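For reference, the chains in residue letters:
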Amino acid sequence: QVQLVESGGGLVQPGGSLRLSCAASGFTFSNYAIGWFRQAPGKEREVISCISSSFGMTHYVDSMKGRFTIFRDNAKNTVYLEMNSLIPEDTAVYYCAARRQSCTSFEYLFNYWGQGTQVTVSS
């Protein structure tokens, strides 16, 4: 019953923008922090960003700061990741994950995961 479904991925040119969506169901969405992660081919999955539940406080990995923005719409049970100034190195499968209450940098502490959406940055 618990589901997280990513969407919005696809092919985009370098320098372009893309907005990913993470739609949740089967749990009390507003009580959960939502994180975004990505995994490039042959590489480990890495954290990108996280948004908290109560006040929507946001956290970013330093390398993503200034290019990526995370925000949520609790009425729609959806979290978004807006990506700007995309480069080929951003090519990866992007995942969202949920954890009750606060954000954490520890991936294993997230309870629920989506199936991922492919983002390809190429000319």
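Everything below is about the structure printed above this text.
Residues numbered from 1 in each chain as written. Predicted model: local features only at pLDDT ≥ 70, side-chain atom pairs only at ≥ 80, totals over all residues. Heavy atoms only, no water.

Details of the sheet that holds strand β1 (residues 3-7)
The strands making up a sheet are joined through hydrogen bonds of the backbone, oriented either antiparallel or parallel. Taken in spatial order, the 4 strands of this open sheet run β1-β3-β8-β7, and their pairing is antiparallel. The open sheet has two free edges, formed respectively by β1 and β7 (68-73), since each of these has just one partner strand. This sheet shows a mean twist of 15° between the axes of neighbouring strands, independent of strand direction. The pairing of β1 with strand β3 (residues 18-25) spans 5 bridges and is classified as antiparallel. (Pairing = 2+ DSSP bridges. Helix = DSSP H or I, 4+ residues; strand = E, 2+ residues; numbered from the N terminus. Axes fitted to C-alpha atoms, helices over the stretch in contact; angles between N-to-C directions.)

Points about the side chain of T117
Tracing the backbone shows T117 in strand β11 (residues 117-121). For T117, the side chain forms a polar contact with the main-chain nitrogen of G9, separated by 3.3 Å. With residues up to four places along the chain from it excluded, the contact list for T117 reads E6, S7, G8, G9, L20, A92, V93 and Y94. (Polar contact = N/O pair within 3.5 Å; in protein donor to acceptor, adjacent residues only side chain to side chain. Contact = heavy atoms within 4.5 Å.)

Some words on unusual backbone geometry
Even without glycine at this site, N77 takes up a positive phi of about 50°. Following the sequence through the fold, N77 ends up in the loop between β7 and β8 (78-83). For S85, which is not a glycine, the phi torsion comes out positive at approximately 50°. If you trace the backbone, S85 turns up in the loop between β8 and β9 (92-100). Looking at S85, the relative accessible area reads 42%, which means it is partly exposed. (Buried < 20%, exposed > 50% of the residue type's maximum accessible area, 1.4 Å probe, protein only.)

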